[in-house]
Amino acid sequence: MLKFEKYHGLGNDFIIFNEEEVKGLDYSELAMKVCHRNFGIGADGMMVVAKSEKADIRMIFYNADGSEAPMCGNGVRCFSHFVRNNKLVEKDVMSVETLAGNMIIKTDEKDGKYLARVNMGMPIFETENIPMSISEKDFIERKIESYDREFSVSALFMGTTHSVTFVEDLETLDIQKYGRNLEINPLFPKRTNVNFSKVISKNRVDVKTWERGAGYTFACGTGACAVVVIGNLTGRLDKSVEVRVPGGKLFIELTDEGVFMTGESKKIAEGHYFK
């Protein structure tokens, strides 16, 4: 019997365990079981809260398919919420160790809402570090074919591997069809998250994301950051942008210190999982 809490960040939902509850278990296998929508609790991902020698606390993250990921933007906000609720770190600004580096999170509660502002670090464009199967300086607005159409795709590492494409038919586009196909394109040996984006104005962009290892999700924090980075790089977006996703809104700022993401998280439930 394992005690858990469940949170969501704009509809991107996660099951969170304290390390003491799951010590000695196979995290990959556990993630697949607890995240299953029919036979488990149901979630896009699973996190384990662990002690850190490099930061205030450490986040271990697994996708619903059992694959480990370096980072998750919505996840790290929910992670900080769990940490604060359980008084594991009792300060407004905390450092969280992830496989993508230490994330600095500023937390705040206003009118019953939990908000977190996260420095997501700097984007990486070199293809070998994304990683991609080609070795070039970058991969910006290159054509990739998927079934019956061609997409102009930009790739980067923004806490995890992302692809960004701007489209005009976001409302009617078959995200599952094209997202699944682009995720496994041979250019990405470890697969990729795919962000389909539509620019509304210089300060607003709408995004739908097909997440590697999770499928179509209501929000993706690192994906929102990736879209604004590429949008600004290509002249489509300013440096301070409202990103609207199916689950709500994220606010992304590009600065010399890093890419900052601000958004909500909510606790949904707590209970015990019978393994």
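For the structure itself, look to the data block above.
None of the values given here were measured: they were computed from a predicted structure.

Notes on the overall build of the protein
Here is step 1 of the chain: For the protein, the count of helices and strands is five helices and 16 strands.
Here is step 2 of the chain: A globule of 275 residues ought to have a C-alpha radius of gyration of about 19 Å, and the protein, at 18 Å, matches this closely.
Here is step 3 of the chain: Taken along the three principal axes of its C-alpha coordinates, the protein extends 50 × 35 × 35 Å.
Here is step 4 of the chain: Here the protein holds 275 residues, and 53% of them are scored as buried.
Here is step 5 of the chain: Taking contacts inside the protein between residues at least 6 apart in sequence as the whole, the part at least 24 apart equals 61%.

Quick look at the nonpolar core
What tends to happen in soluble globular proteins is that the nonpolar side chains get buried as a cluster.
Here is step 1 of the chain: One finds M47, M59, F79, V96, M158, V243 and I252 to be the most contacted residues of the largest nonpolar core, which totals 49 residues.
Here is step 2 of the chain: With seven residues, helix α5 (residues 221-233) is the single largest residue contributor to this core.
Here is step 3 of the chain: In this structure F79 touches I16, M47, V48, V49, I57, R58, M59 and V96, once residues within four positions along its chain are discounted.
Here is step 4 of the chain: Counting 18 residues, the second-largest nonpolar core is a separate cluster that includes I130, I175, L182 and V194.

Quick notes on the pattern of salt bridges
Here is step 1 of the chain: With the rule as written, the count across this model stands at 21 salt bridges.
Here is step 2 of the chain: With a closest N to O distance of 3.7 Å, E5 and K267 form a salt bridge. You can see E5 sitting in strand β1 (residues 2-9) and its partner K267 sitting in strand β16 (residues 258-273), a full 262 residues away along the chain.
Here is step 3 of the chain: With a closest N to O distance of 2.5 Å, E136 and R142 form a salt bridge.

Here's the deal with the side chain of D206
Here is step 1 of the chain: Structurally, the position occupied by D206 is in strand β12 (residues 204-211).
Here is step 2 of the chain: Accessibility expressed as a relative area gives 14% for D206, which makes it buried.
Here is step 3 of the chain: Within polar-contact distance, the side chain of D206 engages the side chain of R204 at 3.0 Å.

Examining the packing of aromatic side chains
Here is step 1 of the chain: A full pass over the atoms with the stated rule returns six aromatic pairs.
Here is step 2 of the chain: For the pair Y27 and Y62, a centre-to-centre distance of 6.2 Å together with 80° between the ring planes defines the contact as edge-to-face. Taken together, the residues Y27 in helix α2 (residues 27-35) and Y62 in strand β4 (residues 57-63) connect sequence positions 35 residues apart.
Here is step 3 of the chain: For Y27, a relative accessible area of 15% corresponds to the buried category.

Here we look at helix α4 (residues 175-183)
Here is step 1 of the chain: Turning to α4, its buried residues are I175, Y178, G179, L182 and E183. Relative to the axis of α4, the buried residues are bounded by an arc of 130° and lie together on one face.
Here is step 2 of the chain: On the buried face of α4, the contacting elements are β8 (139-146), β9 (149-157), β11 (193-201), β12 and β13 (215-217).
Here is step 3 of the chain: Backbone nitrogen of Q176 and a side-chain oxygen of the N-cap are separated by 3.3 Å at the start of α4; the cap is D174.

Observations concerning the pairing of strand β5 (residues 93-98)
Here is step 1 of the chain: For β5, the tally of buried residues reaches five of six residues, placing the bulk of the element in the interior.
Here is step 2 of the chain: In the sheet, β4 pairs with β5 via two bridges, with the strands oriented parallel. Of the residues in β5, the one forming a bridge with R58 is E97.
Here is step 3 of the chain: In this sheet, strand β6 (residues 101-110) lies alongside β5 in antiparallel orientation, the contact comprising six bridges. Residue M94 lies in a different strand from β6, and its bridge partner there is I105.

What counts as what
- Residues numbered from 1 in each chain as written.
- Predicted model: local features only at pLDDT ≥ 70, side-chain atom pairs only at ≥ 80, totals over all residues.
- Heavy atoms only, no water.
- Helix = DSSP H or I, 4+ residues; strand = E, 2+ residues; numbered from the N terminus.
- Rg over C-alpha atoms; globule rule 2.2 N^0.38 Å.
- Buried < 20%, exposed > 50% of the residue type's maximum accessible area, 1.4 Å probe, protein only.
- Contact = heavy atoms within 4.5 Å.
- Core = buried A, V, L, I, M, F, W, Y, C linked by side-chain atoms within 4.5 Å.
- Salt bridge = Lys/Arg side-chain N within 4 Å of Asp/Glu carboxyl O.
- Polar contact = N/O pair within 3.5 Å; in protein donor to acceptor, adjacent residues only side chain to side chain.
- Phe/Tyr/Trp six-rings, centres within 6.5 Å; stacked < 30°, edge-to-face > 60°.
- Arc of directions from axis to C-beta.
- Pairing = 2+ DSSP bridges.

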